[in-house]
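Chain by chain, the residues run as shown.
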Amino acid sequence: MLAKKGKIRVTTTIDEDVLDALKARAADEGHGHYQTTLNAVLRESLMPVGRGTAQMERLDVLIEERFNEVAKRLTKMVQHQIAAATKPKKKGRAA
């Protein structure tokens, strides 16, 4: 992780949609300060991959969620196939 040092005032320009996204994320995180969110996003992007970064943790969560979705679908499909295979067949009428 990058070592935290003192704050430095920087003047820069940022795209409006990016700023809106930072403000929205800050509100979702409950602190409402987009600068804090910007620092966190920059820090995450500058950290080496594979060292327990928040980005990797989020990826792990997304993979687990997707895996669970697929497992649920497969379970339903198998249950449906088992039910169809074990359902008693109706006897046909004689002509």
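A. Here's a closer look at the overall build of the protein chain. A count of helical and extended segments in the protein chain gives three helices and zero strands. Counted from the first residue to the last, the protein chain has its helices and strands arranged as α-α-α. Buried residues in the protein chain amount to 7% of all 95 residues. Accessible surface computed for the protein chain: about 9100 Å², of which carbon and sulfur atoms make up 57%.

B. Molecular detail of the packing of helix H1 (residues 16-29) against helix H2 (residues 34-46). Contact geometry for H1 and H2: axes closest at 8 Å, N-to-C directions at 100°. With respect to their mutual orientation, H1 and H2 come out roughly perpendicular. Counting all contacts with H1, which are made through Leu 19, Leu 22, Lys 23, Arg 25, Ala 26 and Glu 29, the residues of H2 involved are Tyr 34, Thr 37, Leu 38 and Val 41. The residue inventory of the contact of H1 with H2, partitioned by class, reads six nonpolar, one polar and three charged.

C. Main features of a negative patch on the surface. Taken together, the side chains of Asp 15, Glu 16, Asp 17 and Asp 20 present a region of like negative charge at the surface. Relative to the helices and strands, Asp 15 is located in the segment before H1. A residue is classified by how much of its surface remains accessible, and Asp 15, at 54% relative accessible area, is exposed.

D. Looking closely at the side chain of Thr 37. Here Thr 37 shows up in helix H2. The buried category is assigned to Thr 37, whose relative accessible area is 1%. Setting aside its immediate chain neighbours within four residues, Thr 37 contacts Leu 22, Arg 25, Ala 26, Glu 29 and His 31.

E. Focus on the packing of aromatic side chains. Counted under the stated rule, the structure contains zero aromatic pairs. Across the ring face of Tyr 34, the terminal group of Lys 23 is positioned such that the distance to the ring centre comes to 5.6 Å.

About the thresholds
- Residues numbered from 1 in each chain as written.
- Predicted model: local features only at pLDDT ≥ 70, side-chain atom pairs only at ≥ 80, totals over all residues.
- Heavy atoms only, no water.
- Helix = DSSP H or I, 4+ residues; strand = E, 2+ residues; numbered from the N terminus.
- Buried < 20%, exposed > 50% of the residue type's maximum accessible area, 1.4 Å probe, protein only.
- Areas by Shrake-Rupley, 256 points an atom, 1.4 Å probe, with all protein chains shown as cover.
- Axes fitted to C-alpha atoms, helices over the stretch in contact; angles between N-to-C directions.
- Parallel < 35°, antiparallel > 145°, perpendicular 65-115°, else oblique.
- Contact = heavy atoms within 4.5 Å.
- Nonpolar A, V, L, I, M, F, W, Y, C, P; charged D, E, K, R; others polar.
- Patch = residues over 30% accessible without salt bridge, like charges linked within 9 Å, V, L, I, M, F, W, Y side chains within 5 Å.
- Salt bridge = Lys/Arg side-chain N within 4 Å of Asp/Glu carboxyl O.
- Lys, Arg positive; Asp, Glu negative; His and termini not counted.
- Charge placed at Lys NZ, Arg CZ, Asp CG, Glu CD.
- Phe/Tyr/Trp six-rings, centres within 6.5 Å; stacked < 30°, edge-to-face > 60°.
- Lys NZ or Arg CZ within 6 Å of the ring centre and 35° of its normal.

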